[in-house]
Amino acid sequence: MPYHEFEVSRCIPERKKHAVVKGPGETLADALPAGYLNTIPGSISERGCAYCGAKHVIGTPMKDVIHISHGPTGCTYDTWQTKRYISDNDNFQLKYTFATDMKEKHIVFGAEKILKQNMLEAFKAFPDIKRMTVYQTCASALIGDDIEAVAQEVMEELPGVDVFVCNSPGFRGPSQSGGHHTICIAWFENKVGTVEPEITSDYVINYVGEYNIQGDQEVMQDYFNTMGIQILSTFTGNGSYDGLRAMHKAHLNVLECARSSEYLCNELRVKYGIPRLDIDGFGFEPLGNSLRKIGLFFGIEDRAEKIIDEETARWKPELDWYKHRLQGKKVCLWPGGSKLWHWANVIHEEMGVDVVSVYTKFGHQGDMEKGIARVEEGALAIDDPNELEGLEAMYNLKPDIIFTGKRPGEVAKKIRVPYLNAHAYHNGPYKGFEGWVRFARDIYNGIYSPIHELAKIDISRDAISTEGGFKTQRMISDVNLPDEVKNDPSMRQYTGAYDSLARLRGKTYPVFERTGDKQVAVEMATAE
Amino acid sequence: MSCELLQKERTGVINPIFTCQPAGAQYASIGIRECIGIVHGGQGCVMFVRLLISQHLKESFEIASSSLHEDAAVFGACHRVEEGVDVLLMRYPDVKVIPIISTCSTEIIGDDIDGVVRKLNEELLPTKYPGREVHLIPIHTPSFVGSMVNGYDVAVRDFVKYFATKGEPNGKLNLITGWVNPGDVSALKHLLAEMEVDATVLFEIESFDSPTMPDGNHVSHGDTTIEDLQGTANAIGTLALNRYEGAKAAKYLEEKFAVPAVIGPTPVGIRNTDAFLARVKEMTGKPIPRSLVIERGIAIDALTDLVHMHLADKRVAIYANPDLAIALTEFCLDLEMKPLVVLLGDDNPFYEDDPRIKRLRENVDFPMEIITNADFWELEDRIKNRGLELDLILGHSKGRFISIDYNIPMVRVGFPTYDRAGIFRHPVVGYAGAIYLAEQMANAIFTDMEHKKNKEWILNVW
Amino acid sequence: MEQVMNQRMEQLLDHIMKKCLWQFHSRAWDRERQNREIIGWAGRVLLGECDATPPDPLDRCHWVDGVALVRAWRERFPWINTLAVDEIRALMESLHARLDFLTRTGSLNAELTDPHY
């Protein structure tokens, strides 16, 4: 039986089609969890809404924009300071959020007037910012305010100002994924092609579906810059509004989180003939291959190889140190969407852990296809999990660690399962070669924390050791390791800095002369 | 040179201080044992509030959603409440109390949640769950009215209104704490225990500071029982500590069951704690024992070490839930500090007539601004563009970047305080709270002096 | 012989499934194109039938994935370097058919036929 029935969900039979165990010899054509269906009320699902998918996940990482939500303040407050998408613009997008503060009288008489006033006030408070996004909420959608018309008025009144409107109320679609879709299509239809960029390289990409969680984008940007590739825009982490209006001029769309933004790449391919290249920024081999492919596309593979060689030499000994100690550890890979497939195979291959379960809160069947294809036999795949199913899965699978969100992490804590934040990371970035070692380090620190040993002791019943007042992680992790591994001088623990981005910011890059198809590195710009 | 009550002049909100009503109702609901609320609205209305609460308390709590989807906007979504209640009851056999908490969307659509509750009580419950004790309680908290503060107030009233049942006098005091932390409840119960007063505490949320147990099966929940709520009608009186969070319930009990209601004080600081004990004494006839005289003495002793040398004249900005913000302001004045800006993050029309605010306006002799309907920009704009200088900020974590960007030390207080460890565990009420707050403030200032090399050597001898 | 060929095809397929993403574009027509083009390029690269970078960007993107596949296969599955031309053609054909079945014609993904992105 490939479909998996949870004991706790026997009374809601429709849940049965949402979970699958990858059986021996079974393929995607045998069983696939249902996905992106309306949530069962009262099930205590972990899903968010389409407003947060549009505003919070995709819109807000844009760094040079006033982000206004048209509705009561709750939507704005609740989606403020709950993510770690940083930027090199002093984190403006994290620090400031704007709400039109819709009240009862506006529900009755309309709120277009206060929306306009709000927009003017916001531009006045931040005179250096000339770009704005306005997000519809449930309330403004239901009363039918014409946000587009107000945006037009404001643009006419304030020359030099540009406003993007996203109509993605919370109830639009089964989950936040509905919002990803709406904002991608809206951006494509209304903003792409409205700015002509300055092209500074023969190799021009959009980096799509990358949200700069703890600096992921900046790590990848470093590689692209080193290769002499111009990043026209990043959708949307650390991205600028005008850069994203110029997406149509890229030669290649490099797509990371297909779940949230493949729509955009597909439309760009159809309308502008820009190819879509799906990549993995996580893991040595997938990342290396991704850089190689981009290099190959542009005929500059040697530049990719150079990065891969240097980074591998620097970081592989550290990854291996962790791999030996994480071998066979059971992991529940329970993120929101794309990380289930980004990580499923590579954490098994490069860190030695066994992925015993994958789930997705808001993914579609396509994400499950990718995820199930990448896990080993026996893994349990769950679509739109709920609280009780998550608990049942943990009791049955007994994972050594789970990768999920902050709040479900608190549920796991109570049953003494350590968790790592899959959405926002513990101590990221996790992209890039160094980032991948940071991830391994975080997993190691999670699994081998002495606190987890202590948590299992019942002092009223168990024998209590009076020998020794401490344990180190290595006293736990190295117990069964052979001496040659324990003492192997070629491997070492992570040696990077707490803030691995500091050395990237302000870095200068080689300047490559533009000579048509053949590029020659002429000089190295002076390092700082 | 005096205290002014102002209102934010801008229409919109730049960085909100409060979230909306349903969040308050949800926070109240988790205080009840065997209770899982259903928020009737989009999933975000629950998912983010659960996240917020879990960020604050580092615990997870169960709250369900009716998961409003597109068709609801056209056809209404009452059926999703019905389905939600059924699913919840089937899968959570211990659940007895299900508040149905409305939101902006379902109030605009006009879903009749009272009607749904009636229907469920007539059809689903007797047929599918005969003999099972289930309480369905509609709570109207449209997000476009008031704030999370009202939402909490409304929910407490609705829970009390639903359950309070006239019976034999129980000799107990109802203590409605308002929106507080587990540490506050412990401190309040300690004070009552010292006075040998038997109280029904709404809500028993000490358990929010919950253990990880060796058997690994703990689920965090509040501990106020249905019997506690029923018994509120039979108390000797109700003491609601906060005017804006719980007073509605106290007044209801007074009007309906003639249980005398006393509103306030919010027992932050020595003076307000004294007044709290005086109220308890008045209502119960129990004397204030010597043990509390000693406890108070320890607090006075601790504060004396700090006030005139270190805290006097320090300029403070304060924002928090309104009762807490006002009580903190009063406490700061007792500590010789100068609260220059007090931000109340909603448009409650009653602030104008709040006797505490009146008293501030009559007596404060330096320029203090109390700003209603405030957002964080009211504070930041004053610092950035209008020359406001501060020595300290008192408030919750959402304002953290003002402290960081303008180099002003900050003491985390209120809800939410996710960017500091364990704040929820410490009381700000009672004598213990007075010590904790004053010492936190002093230590924040000391650390800041050291970072800025601003007379840091003064602490060499102290 | 057929069994050997089948095992070999399954090895190549397993590699695609675990390491690649291009076969899982969101719509059936995209998957049809991706599978056809990329397996097509991989076959031509294996047979030494293409030595220049394709000038058209869309072609080049497919070619890139084809080249990447062949490199990985040659490293992981040394037997592939010993095959005759006909064997490679047959192998690619069966791989393409199987991949098309798993990702497209036999896929249980209900969104593949949605007419919009």
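Residues numbered from 1 in each chain as written. Chains lettered and ligands numbered in written order. Predicted model: local features only at pLDDT ≥ 70, side-chain atom pairs only at ≥ 80, totals over all residues. Heavy atoms only, no water.

1. Re the overall build of chain C
Step number 1: Counting secondary structure elements, chain C contains 4 helices and 0 strands.
Step number 2: Its helices and strands in sequence order give chain C the pattern α-α-α-α, from N to C terminus.
Step number 3: The C-alpha radius of gyration of chain C comes to 14 Å, within 12% of the 13 Å expected for a compact globule of 117 residues.
Step number 4: Dimensions of chain C, computed from the C-alpha atoms along their principal axes, are close to 45 × 35 × 20 Å.
Step number 5: Residues classed as buried in chain C amount to 54% of the 117 residues present.
Step number 6: Within chain C, residue pairs in contact and separated by at least 24 positions form 72% of the contacts whose partners lie at least 6 positions apart.
Step number 7: Accessible surface, chain C as shown: approximately 5,400 Å² in total, 52% of it carbon and sulfur.
Step number 8: Across chain C, the mean location of the 15 positive side-chain charges is 4 Å away from that of the 18 negative side-chain charges. (Helix = DSSP H or I, 4+ residues; strand = E, 2+ residues; numbered from the N terminus. Rg over C-alpha atoms; globule rule 2.2 N^0.38 Å. Buried < 20%, exposed > 50% of the residue type's maximum accessible area, 1.4 Å probe, protein only. Contact = heavy atoms within 4.5 Å. Areas by Shrake-Rupley, 256 points an atom, 1.4 Å probe, with all protein chains shown as cover. Lys, Arg positive; Asp, Glu negative; His and termini not counted. Charge placed at Lys NZ, Arg CZ, Asp CG, Glu CD.)

2. Here we look at the packing of helix α12 (residues 284-298) of chain A against helix α13 (residues 301-326) of chain A
All names here are of chain A.
Step number 1: Following both chains from N to C, one finds α12 and α13 inclined at 170°, their axes separated by 8 Å at the closest point. Looking at the two axes, α12 sits roughly antiparallel to α13. Between α12 and α13, the residues in contact are F284, G288, L291, R292, G295 and L296 and E301, A304, E305, I307, I308, T312, W315, K316 and L319, respectively.
Step number 2: Tallied by class, residues from the contact of α12 with α13 come to 8 nonpolar, 3 polar and 4 charged. (Axes fitted to C-alpha atoms, helices over the stretch in contact; angles between N-to-C directions. Parallel < 35°, antiparallel > 145°, perpendicular 65-115°, else oblique. Nonpolar A, V, L, I, M, F, W, Y, C, P; charged D, E, K, R; others polar.)

3. Some thoughts on the pattern of salt bridges
All names here are of chain A.
Step number 1: Considering all chains together, one arrives at 88 salt bridges over all chains under this definition.
Step number 2: Notably, a salt bridge pairs E153 with K116, separated by 2.9 Å at the nearest N-O pair. Placement of E153 in helix α7 (residues 147-157) and of K116 in helix α5 (residues 112-125) is noted, with a sequence separation of 37 residues between them.
Step number 3: Exposure remark for E153: the relative accessible area of 37% places this residue in the partly exposed category.
Step number 4: Several salt bridges converge on common partners, so that one network encompasses R131, D162, K191, D242 and R245. (Salt bridge = Lys/Arg side-chain N within 4 Å of Asp/Glu carboxyl O.)

4. A short note on helix α1 (residues 2-19) of chain C
Because an α-helix packs 3.6 residues into every turn, residues spaced three or four apart end up facing the same way.
Step number 1: Taking 1.5 Å of rise per residue, the 18 residues of α1(C) would be expected to cover 26 Å, and the 26 Å separating its terminal C-alpha atoms lies within 8% of that figure.
Step number 2: All of the buried residues along α1(C) are C:M5, C:R8, C:M9, C:L12, C:L13, C:H15, C:I16, C:M17 and C:K18.
Step number 3: Along its buried surface, α1(C) packs onto α14 (339-351) and α15 (365-374) of chain A together with α2 (28-46), α3 (57-76) and α4 (85-105) of chain C. (Expected span 1.5 Å × (residues − 1).)

5. Topic: the side chain of A:E434
Step number 1: Position of A:E434 among the secondary structure elements: in helix α18 (residues 432-447).
Step number 2: Aside from chain neighbours lying at most four places away, what touches A:E434 is A:E311, A:W315, A:Y494, A:G496, A:A497, A:S500 and A:R503.

6. Section: the arrangement of the chains
Step number 1: Contact analysis covers 2 pairs of chains in contact, and the most contacts occur between chains A and B.
Step number 2: One finds no contact between chain B and chain C; the C-alpha atoms of the two approach each other to within 18 Å at their closest.

7. Digging into the environment of A:C52
Step number 1: Within the secondary structure layout, A:C52 lies in helix α1 (residues 50-59).
Step number 2: The class for A:C52 is buried, based on a relative accessible area of 2%.
Step number 3: As for A:C52 and A:C75, which are separated by 23 residues in sequence, their C-alpha atoms are 8.1 Å apart.
Step number 4: In contact with A:C52, other than residues within four places in its own chain, are A:V57, A:T79, A:Q176 and B:F48.

8. Notes on the confidence of the model for chain C
Step number 1: Scored by pLDDT, chain C comes out at a mean of 96, with 100% of its residues at no less than 70.
Step number 2: Listed scores for the predicted complex are pTM 0.96 and ipTM 0.97. (pLDDT = per-residue confidence, 0-100.)

9. Brief notes about the nonpolar core
Step number 1: Counting residues in each nonpolar core, the largest one holds 147 residues, and the members touching the most others are A:W343, A:I347, A:F403 and C:W73.
Step number 2: Residue contacts for A:F403: discarding those within four places in its chain leaves A:V331, A:C332, A:L333, A:W334, A:P335, A:W343, A:I347, A:L420, A:A422, A:F439 and A:I443.
Step number 3: Counting residues in each nonpolar core, the second largest holds 139 residues, with B:A235, B:I270, B:A374 and B:L379 among its members. (Core = buried A, V, L, I, M, F, W, Y, C linked by side-chain atoms within 4.5 Å.)

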